[in-house]
Amino acid sequence: MTAMVRAARTHEGKGVGSSALRPDGALKVTGEFAYSSDLWMDGMVWATTVRSPHAAARIRSIDVSKALAVAGVHAVLTHSDVPGAKTYGMKVADQPVLAIDEVRYQGEPVALVAADDPETARQAAKLVVVDYDLREPVTDAERALDPQTRIIHDGSNLVRHVKIRHGDMAVARARAEVVVVGDYEVGMQDQAFLGPESGLAVPADDGGVDLYVSSQWLHKDLEQLAPCLALPPDKVRLTMAGVGGAFGGREDLSVHVHACMLALHLGKPVKMVYNRYESFFGHVHRHPAKMRYEHGATRDGKLVYVKARLVLDGGAYTSTSPVVIANASYFVAGAYAVEHAEIDGLAVYSNNPPCGAMRGFGAVQSAYGCESNMDKLARELGMDPLELRLKNAMTTGTVLPTGQAVDGPAPVRELLEALRDRPLPAADRGHDFRTLPGGVGNTTHGEGLRRGVGYAVGVKAIGYSGGVDDISTARVILSVTAGEPVVSIHTAAAECGQGITTVQSQIATTELGVTRVVVLPADTQIGDAGSASASRMTWMSSGAVQGACRQLASELVRRAAAATGRSAAALTLRDNVIADVTTGEPVVSIADMIGSDTLERVHEYHHRPTQGIDPERGQGNAHIAFAFCAHRAVVDVDVELGLVRVVELAVAQDVGKAMNPLAVEGQIEGGSAQGLGLALMEEILVDHQGRVRNPSFTDYLIPTIADVPPMPITLFEFAHPDSPYGLNGVGEPPTLSATPAILNALRNATGLDLARIPVRPSDIALDPLMAS
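Residues numbered from 1 in each chain as written. Predicted model: local features only at pLDDT ≥ 70, side-chain atom pairs only at ≥ 80, totals over all residues. Heavy atoms only, no water.

## Focus: the overall build of the protein chain
Here is step 1 of the chain: Helix and strand counts for the protein chain come out as 19 helices and 30 strands.
Here is step 2 of the chain: A compact globule built from 772 residues should have a C-alpha radius of gyration of about 28 Å, and the protein chain, at 27 Å, falls within 12% of that.
Here is step 3 of the chain: Considering only C-alpha atoms, the protein chain reaches an extent of 75 × 75 × 60 Å along its principal axes.
Here is step 4 of the chain: Each of the 772 residues in the protein chain was classed as buried or not, and the buried ones make up 61%.
Here is step 5 of the chain: Considering only intrachain contacts with a sequence separation of at least 6, the fraction spanning at least 24 residues in the protein chain is 80%.
Here is step 6 of the chain: About 27700 Å² of surface is accessible on the protein chain, with carbon and sulfur atoms providing 51% of the total. (Helix = DSSP H or I, 4+ residues; strand = E, 2+ residues; numbered from the N terminus. Rg over C-alpha atoms; globule rule 2.2 N^0.38 Å. Buried < 20%, exposed > 50% of the residue type's maximum accessible area, 1.4 Å probe, protein only. Contact = heavy atoms within 4.5 Å. Areas by Shrake-Rupley, 256 points an atom, 1.4 Å probe, with all protein chains shown as cover.)

This is the structure:
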């Protein structure tokens, strides 16, 4: 087998708080890194998926005879060939491994084809004949809630209704002197990771299977996968292959069951790699949303209440919709103190593509609605939007609509003031067309050009909420190689590009003073690390690695104290030696204290307990921590042509502790760019028949280097009292506030409501020809 996963080694010996270089960085830049799509094994066959072209249909019959007759085809499997459970799912096992008697969205897997090469498999797949009895698809989320609408799953088209009732709305309405209502809509966004879904399944001698796959959560994959294969979990072994981005799109299964089914059926290694077109159908997307917001305030701008109704389109299957709608509902009020709240969050089934996890996980949608309506309230009050935000900024001790008091840092005011005090970019654009909307297309020389400035702030919970006992496990091993101490770290933490591999090595260097660290491949042979989601991985896996390292450090110091006759309290670990804590002078080498032993410790980290919210009023201490981010957007808008250029997107974020400052900045820049994409260009277009109209990077537009503006970043490090090193989650918060900041800047420039994102030129253009 070649191009298999490898351990990552760091050489810098840099600890927590330093910008240690990533061990995979140079390999990725030069194209030498082995992604899951690069996996190869002698004798392997290639597989592809037959997918439904229809969004809603019954299956009358499936004829595979023509496909099987193609030279080089090894197998064609349908639902009757699934060896175990016929369905799986992140929260509810409602998604068929292969469609059984009906399809519920365009692109649903119906059959599998394995052949000698990918082209033979693709051509044979076209010969699988499926007789469909078409049904009228349900594609409007609001209509899906109508009792007269066809039920997509047994029972109801309602996935979950989250109700939050806080305070007394009758009292609130009597106090409110100014009320504004706004309707807002968010389109369906794709994670647009660059590495498409792929994996290699290898049958094992014990009757089990080894799967090498790009994923965000190996143990959750295993939990869903083993029952479908009718195998005990110990006979299904998953190893993390190189991941080319994720952003939530790899939480659900993709190639996993299909590749393993074929490998077990054929007794051969099976490789599956989606092309870009198939990838658009092979993973979940961000939930489209329709939201109504109502804010009530006193005449001087003090918020009194918020009332909101959110409808999220979950598509054909459950995935993580019950949790996404909860997260969206939790943060309807945004980063503000509001005494009274009435919130209804509804997630529904439809015949649209399944939706689930994507960076921000529901809080993106509610932040857009909240921050848009806050600017609307400011206009109604005749008040500066920034001053309105400062006046109502959440602080430590603020009670959320769920009844939970924020007991960690809540530096909303500090973030907004940092942005306010930052100089604005120069208004003089010069004569360089690249500085104008439309760029070098020479569409404008500045006629009809207006500048706008907009602010937004976002808040999101970090980690799993609602009573989930979140865990992460780490095994840390100390040994001596060639006279040098070596730390080996084994976790199941998914490296999706966020840098968790580097952070683990930094922690080992900090805690053990050892400069040579090896991070072993993530797999299911170690305990669960949880998902690379919810901005939790650095917090949770740092806690696990730190815990195991500190146990080893205690053992090393105990040995050194016994060997030297010194007090353990007088010794510290650094630079491969055990030194005097006062003078820093070396006392004994760490290698000598390890000797010929192999020292090993395993630590399972848990965050503090949380509670589920009660179903009637939505009250409960549901969260362990909160993260805050704010943006100031400066935009130039050609109001005649509807063209937009984001001039600057300044960011202020509290990160608790910048474990690796350079990596933190990269996460903030990436999240901000995804927020820009949602604001101005990114949307999966689904027609009234449930068909995706733009499944390619030709037609699904993402920001390029020409679209991303300067992003000056101000980092705050308000240490969280409950986390390792005081760190906080970083990856998701920038996606919350980037989008509404840009929209508020557009509204400032144009005076338009711009209620729907992404904004298109026709939404802005004053030119009647453009608007048509």
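Having seen it, we continue.
## Structural notes on the nonpolar core
Here is step 1 of the chain: F628, I742 and L746 are the most contacted members of the largest nonpolar core, which totals 100 residues.
Here is step 2 of the chain: If you tally residues by element for this core, the top one is helix 10 (residues 363-381), at nine residues.
Here is step 3 of the chain: Apart from residues lying up to four places away in sequence, I742 is in contact with A633, V635, V646, L649, L676, A679 and L680. (Core = buried A, V, L, I, M, F, W, Y, C linked by side-chain atoms within 4.5 Å.)

## Observations concerning empty space enclosed by the protein
Here is step 1 of the chain: What the rule picks out here adds up to four cavities of 30 Å³ or more.
Here is step 2 of the chain: The computed volume of the largest cavity comes to approximately 170 Å³.
Here is step 3 of the chain: Residue lining of the largest cavity: 17 residues in total, with Y88, Q95, Y105, L253 and G282 positioned closest to the centre.
Here is step 4 of the chain: Tallied by class, residues from the lining of the largest cavity come to nine nonpolar, six polar and two charged. (1 Å grid on protein atoms, 1.4 Å probe; cavity = no way out; pocket = protein on both sides within 12 Å on 5 of 7 lines; lining within 4 Å. Points joined across faces, edges and corners; volume = space filled by probe spheres on them. Nonpolar A, V, L, I, M, F, W, Y, C, P; charged D, E, K, R; others polar.)

## Focus on unusual backbone geometry
Here is step 1 of the chain: In this model, I757 is joined to P758 through a cis peptide bond whose omega is 5°.
Here is step 2 of the chain: Note on placement: P758 falls in the loop between strand 30 (756-757) and helix 18 (761-764).
Here is step 3 of the chain: Phi is positive for A192, which is not a glycine, with a value near 55°.
Here is step 4 of the chain: Its relative accessible area of 11% is what places A192 among the buried residues.
Here is step 5 of the chain: Positive phi, close to 50°, is recorded for F361, a residue that is not glycine.
Here is step 6 of the chain: Residue position: F361 is located in the loop between strand 18 (340-348) and helix 10.

## Regarding the packing of aromatic side chains
Here is step 1 of the chain: Counted by the stated rule, this structure contains 11 aromatic pairs.
Here is step 2 of the chain: Relative to Y368, the ring of Y184 lies with its centre 6.1 Å away and its plane at 85°, an arrangement referred to as edge-to-face. Taken as a pair, Y184 in strand 11 (residues 178-186) and Y368 in helix 10 lie far apart in primary sequence, 184 residues in all.
Here is step 3 of the chain: You can call Y368 buried: its relative accessible area is 1%.
Here is step 4 of the chain: When the centroid spacing of 5.7 Å and the interplanar angle of 10° are considered together, the rings of F716 and F718 count as stacked.
Here is step 5 of the chain: Its relative accessible area of 18% is what places F716 among the buried residues.
Here is step 6 of the chain: Members of the aromatic cluster, joined through ring pairs, are F280, F697 and Y700.
Here is step 7 of the chain: Cation over ring: R250 sits above F193, and NZ or CZ is 4.1 Å from the ring centre. (Phe/Tyr/Trp six-rings, centres within 6.5 Å; stacked < 30°, edge-to-face > 60°. Lys NZ or Arg CZ within 6 Å of the ring centre and 35° of its normal.)

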